[in-house]
Amino acid sequence: MSNKSIISGALASIRPETRIFTRKLAYIVMRVEQLMAAKGWTQKDLAQAMGKQESEISKWLNTPHNLTLKSIAKLEAALGEEIVVIPGISPQGQPTAYPDLMTLNNAQLNEAPQEYQSPGSKS
Amino acid sequence: MTTFAQIKRLEDLTTAKVNYYSIQLLSDQESDENEENITLFERFIQKHQGKTEIQDNYEEILDWLEIRMGELFGAKAKYFRFENESHALPPPIQFLEGEGDHTLRLYCLRLSDSVVFLFDGGVKTTRYAQECPNVKDAFYQAGKISKALTQALKDGDILWDESGGNIVYDDFDLFF
């Protein structure tokens, strides 16, 4: 069996959720660092804004698998910008302005926005 | 026993960020070890692919090779475990998610953020690799190969290219 097929076959066997998880974590960290740079913040500044130790912020950014949705929400609140966007629903750049779920009707919740394509779908 | 080997670039794994290489053994004695003419890394894949009990660990290592290092961050030194003369993956525990044991080991040699040699490995069942029947052969082999590669760099059989991001070498037999 050639070098090409053994390795290609192994890479093709990686489950989609593994790839999605790895990439999304990386993009979340990149987005946080982008927002910090825009504000001219160091990790220390971000930690202070969040009332946390710098070591905790460093841990989040260097080992992002420790990030929970709650910690992402705290980061969004401190940075004042969205990190994770939900297509068709997320308010533009204002993480605290999510619509009340009770005000969204079923059509809004179920409708897939035109521009959104789920991971793995072909364009 | 002296073993001769050749360096093989892993084209299907190499990315813009990381050049991956492995070793193809060419034993100087009659041996059925390398009937298929595959590299040590391909042998690692064949040994562990499809084994449900270690699928998570196996996939984790491939994920680090292809995406986290190969696509995103490069082969940073902090992602590698030190194993005497060589290195090992997966990365140290602080970089890993999941509560389970991360016992599968892929022995390797990290030369830089952009050049990594991949060897063989196995499921480590003891605290020290030297004592584990599954991995001790691969561990010692990785150490010998790593010493030979490091020496080849010193001797000029392997050189860094102009950019310093990859190695260059003429066909030569590595022996260890």
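Look a little higher up for the structure.
This is a predicted model, so every value here is computed, not measured. (Residues numbered from 1 in each chain as written. Chains lettered and ligands numbered in written order. Predicted model: local features only at pLDDT ≥ 70, side-chain atom pairs only at ≥ 80, totals over all residues.)

Caption draft 1: Here's a closer look at the overall build of chain A. Helices and strands together make up the secondary structure of chain A, namely six helices and zero strands. Here chain A holds 123 residues, and 13% of them are scored as buried. Of the contacts formed within chain A by residues at least 6 apart in sequence, a portion of 45% connects residues at least 24 apart. (Helix = DSSP H or I, 4+ residues; strand = E, 2+ residues; numbered from the N terminus. Buried ≥ 20, exposed ≤ 12 C-beta atoms within 10 Å, placed from the backbone. Contact = placed C-beta atoms within 7 Å.)

Caption draft 2: Examining the overall build of chain B more closely. From N to C terminus, chain B includes three helices and nine strands. Along chain B, from the amino end to the carboxyl end, the secondary structure elements read β-β-α-α-β-β-β-β-α-β-β-β. What you see for chain B is a C-alpha radius of gyration of 16 Å, in line with the 16 Å of a compact globule of 176 residues. By its C-alpha atoms, chain B is 45 × 40 × 30 Å across when sized along the principal axes. Across chain B, every contact between residues at least 6 apart in sequence was considered, and the portion connecting residues at least 24 apart equals 48%. (Rg over C-alpha atoms; globule rule 2.2 N^0.38 Å.)

Caption draft 3: Inspection of the packing of helix α2 (residues 16–39) of chain A against helix α2 (residues 55–73) of chain B at higher detail. Between α2(A) and α2(B), whose axes approach to 11 Å, the crossing angle comes to 40°. It follows from the interaxial angle that α2(A) and α2(B) lie oblique. Here the hand of the crossing between α2(A) and α2(B) comes out right-handed. The residues of α2(B) that touch α2(A), namely those facing Thr18(A), Arg19(A), Thr22(A), Arg23(A) and Ala26(A), are Glu59(B), Asp63(B), Ile67(B), Arg68(B) and Leu72(B). Here the contact of α2(A) with α2(B) is built from residues that sort into three nonpolar, two polar and five charged. (Axes fitted to C-alpha atoms, helices over the stretch in contact; angles between N-to-C directions. Parallel < 35°, antiparallel > 145°, perpendicular 65-115°, else oblique. Left-handed = near helix turned anticlockwise from the far one by under 90°. Nonpolar A, V, L, I, M, F, W, Y, C, P; charged D, E, K, R; others polar.)

Caption draft 4: View of the interface of chain A and chain B. Facing the 18 residues of chain A at the interface are 21 residues of chain B. At the level of elements, α1 (3–12) and α2 of chain A are the ones that each hand at least two residues to the side of chain A that touches chain B. The element best represented in the side of chain A that touches chain B is α1(A), accounting for seven residues. Among the residues forming the side of chain A that touches chain B, the class breakdown is seven nonpolar, seven polar and four charged.

Caption draft 5: Broad picture of the nonpolar core. By size, the foremost hydrophobic cluster in this structure holds 49 residues, and its most contacted members are Cys108(B), Val116(B), Phe117(B) and Phe119(B). Every residue in contact with Phe117(B), bar those within four places of it in the chain, is listed here: Tyr21(B), Ser22(B), Ile23(B), Cys108(B), Leu109(B) and Leu149(B). Core analysis: the second largest hydrophobic core is formed by eight residues, Leu46(A), Ile57(A), Trp60(A) and Leu79(A) among them. (Core = buried A, V, L, I, M, F, W, Y, C linked by C-beta atoms within 7 Å.)

Caption draft 6: Focus on the environment of Glu60(B). All names here are of chain B. With respect to the helices and strands, the residue Glu-60 is situated in helix α2. Taking the C-beta count within 10 Å as the criterion, Glu-60 has 24 such neighbours and is therefore assigned buried. Considered as a pair, Glu-60 and Leu-89 are 29 residues apart in the sequence and their alpha carbons are 9.5 Å apart. Aside from chain neighbours lying at most four places away, what touches Glu-60 is Pro-90, Leu-96 and His-102.

Caption draft 7: Broad picture of the pairing of strand β4 (residues 86–89) of chain B. All names here are of chain B. Here β4 shows no split at all, with Ser-86 and Ala-88 on one side and His-87 and Leu-89 on the other all buried. As defined by bridge partners, strand β3 (residues 81–83) adjoins β4 across three bridges and the pair is classed as antiparallel. If you follow Phe-82 over to β4, its bridge partner there is His-87. (Pairing = 2+ DSSP bridges.)

In short, geometric facts, not functional conclusions.
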